[in-house]
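A look at the structure
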Amino acid sequence: MEPILIPIITTITCLGIIVYAHRLHKIQDDTRYWAFVSVLVVLIINTWITSYTSSLSLITMISVVLLPVIVCVFYTLLVHHHIRKHEKYINQSVEKFHLPAVIEDIITHPEKLAIMGEILKHPERIKLGGSRKNLAVMFTDVRGFTELSEKIPPEELILFLNEYLNDMSSIIINNKGIIDKYIGDAIMCFWGPPLEEPKHAQSAVKAAVEMAEKLRAKRVLWQEKGLPDIQVGIGITSGEVVVGSIGSETRFDYTCIGGQVNLASRLEALNKIYGSMIIVSESVYRALGEKYVCRELDVIAVPGKNQPVVIYEVLGKTADQKTKAFLHYYTEAFALYQQHKWTAAKEAFNKALALRKDKTTSLHIERCTQYEQTPPPGDWSGAVEVKVK
């Protein structure tokens, strides 16, 4: 064998050892860097030995036997250090996330293991602090929950609420949503970090539509059991928020904050005004394309925002012929409304209302009647202030 071939063979052997170990341990970041630095060192040493040593047997012994052993020992110690360091960091982080609650939550919802696995793969993401990210935020709430709590015993109410929350949570998680918190009967969740979800707005709407379908099926079962019917409101926005671990050094939660979060909460509450179930912001609507049947509900003025906010209702994946006819008249009427043609708009809204009982249409008819008598200013943007309790 030519002496010059020995460094090449040895280097390839060491590289193979490291690649195998890397795949085995899924090592990342600085460990990967130092592993390949060690291969470079082996190559340099082998070249030096080949150049300055005349004994081929000595070269073979050192290059083929000793150096790979040194690399293996070095890399084993490096892997061990890496694992111990991350285990310590993860343990400390999970403790701050309140470990018993995390374990109980995973036992109750096994589908959350995928989310926890993603976090453990990237433990640096759960350190205290946050960053600006684009994601989708959803709020849901049960209508008339206070009245509902007065109609059925507390024990039955808890079972009823847990059944509802479990069904809704499973749909959110199966669509890669992160449940931020439960606020009584309300749910706050979002789509984005720590999971990679580029189509976050579409995933959020898909979850909302599946939740609506699930509720329709559950209402039949609840009616058979003599349980009261419930209505749910859902609000979804997408945009830039601050997401990360927020709290104290001893206890923190992975959450998101910002204007889009506040807007999602407001949109959820607006369902009571418009008689709808799923309201989304314009950014979400634009991301959907033509995958869902939607209609423009209104243009509203939101406290803290300089520009009016256009809101839309998501009606579902498809529409029957009656709904299509209703939407035809409604869309025509809303366009006339935006052109300040109050009388023509009111006539078209009435045609839509004849096909379907609709709170939003009735609301616009009332406004048209009001504006016929007292027109808004000439520079009116079309935005209205909607007060939500």
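Here the structure is a predicted model, which means the values were calculated and not measured.

What the chain contains, in helices and strands, is 13 helices and eight strands. Out of the 389 residues in the chain, the part that is buried amounts to 44%. When contacts within the chain are restricted to residue pairs at least 6 apart in sequence, those whose partners lie at least 24 apart make up 70%. Carbon and sulfur atoms form 58% of the exposed surface of the chain, whose accessible area is close to 21,300 Å².

Where helix α7 (residues 154-174) contacts helix α8 (residues 200-224), the axes come no closer than 9 Å and their chain directions differ by 150 degrees. With respect to each other, α7 and α8 are oriented roughly antiparallel. The crossing of α7 and α8 is right-handed. Side by side, α7 and α8 meet where F160, E163, Y164, D167, M168, I171 and I172 of the first sit next to A207, E210, M211, K214, L215, K218 and W222 of the second. Tallied by class, the residues present in the contact of α7 with α8 amount to nine nonpolar, no polar and five charged.

Take the packing of aromatic side chains next. Under the criterion given, the structure shown has 12 aromatic pairs. Centre to centre, the rings of W342 and Y371 are 4.8 Å apart; their planes meet at 50 degrees, and the pair counts as tilted. Taken as a pair, W342 in helix α12 (residues 342-355) and Y371 in helix α13 (residues 359-373) lie far apart in primary sequence, 29 residues in all. For the pair W342 and Y371, a shared accessibility class is recorded, and that class is buried. Each residue in the set F326, Y330, F334, Y337, W342, F349, Y371 and W380 is aromatic and connected to the rest through ring pairs, giving one cluster. In this structure, R295 packs its charged tip against the face of Y330, placed 4.6 Å from the ring centre. Directly above the ring of F326 sits R356, whose terminal nitrogen or CZ lies 5.1 Å from the centroid.

Criteria and cut-off values
Residues numbered from 1 in each chain as written. Predicted model: local features only at pLDDT ≥ 70, side-chain atom pairs only at ≥ 80, totals over all residues. Heavy atoms only, no water. Helix = DSSP H or I, 4+ residues; strand = E, 2+ residues; numbered from the N terminus. Buried < 20%, exposed > 50% of the residue type's maximum accessible area, 1.4 Å probe, protein only. Contact = heavy atoms within 4.5 Å. Areas by Shrake-Rupley, 256 points an atom, 1.4 Å probe, with all protein chains shown as cover. Axes fitted to C-alpha atoms, helices over the stretch in contact; angles between N-to-C directions. Parallel < 35°, antiparallel > 145°, perpendicular 65-115°, else oblique. Left-handed = near helix turned anticlockwise from the far one by under 90°. Nonpolar A, V, L, I, M, F, W, Y, C, P; charged D, E, K, R; others polar. Phe/Tyr/Trp six-rings, centres within 6.5 Å; stacked < 30°, edge-to-face > 60°. Lys NZ or Arg CZ within 6 Å of the ring centre and 35° of its normal.

Limitation: the analysis is restricted to geometry and does not speak to function.
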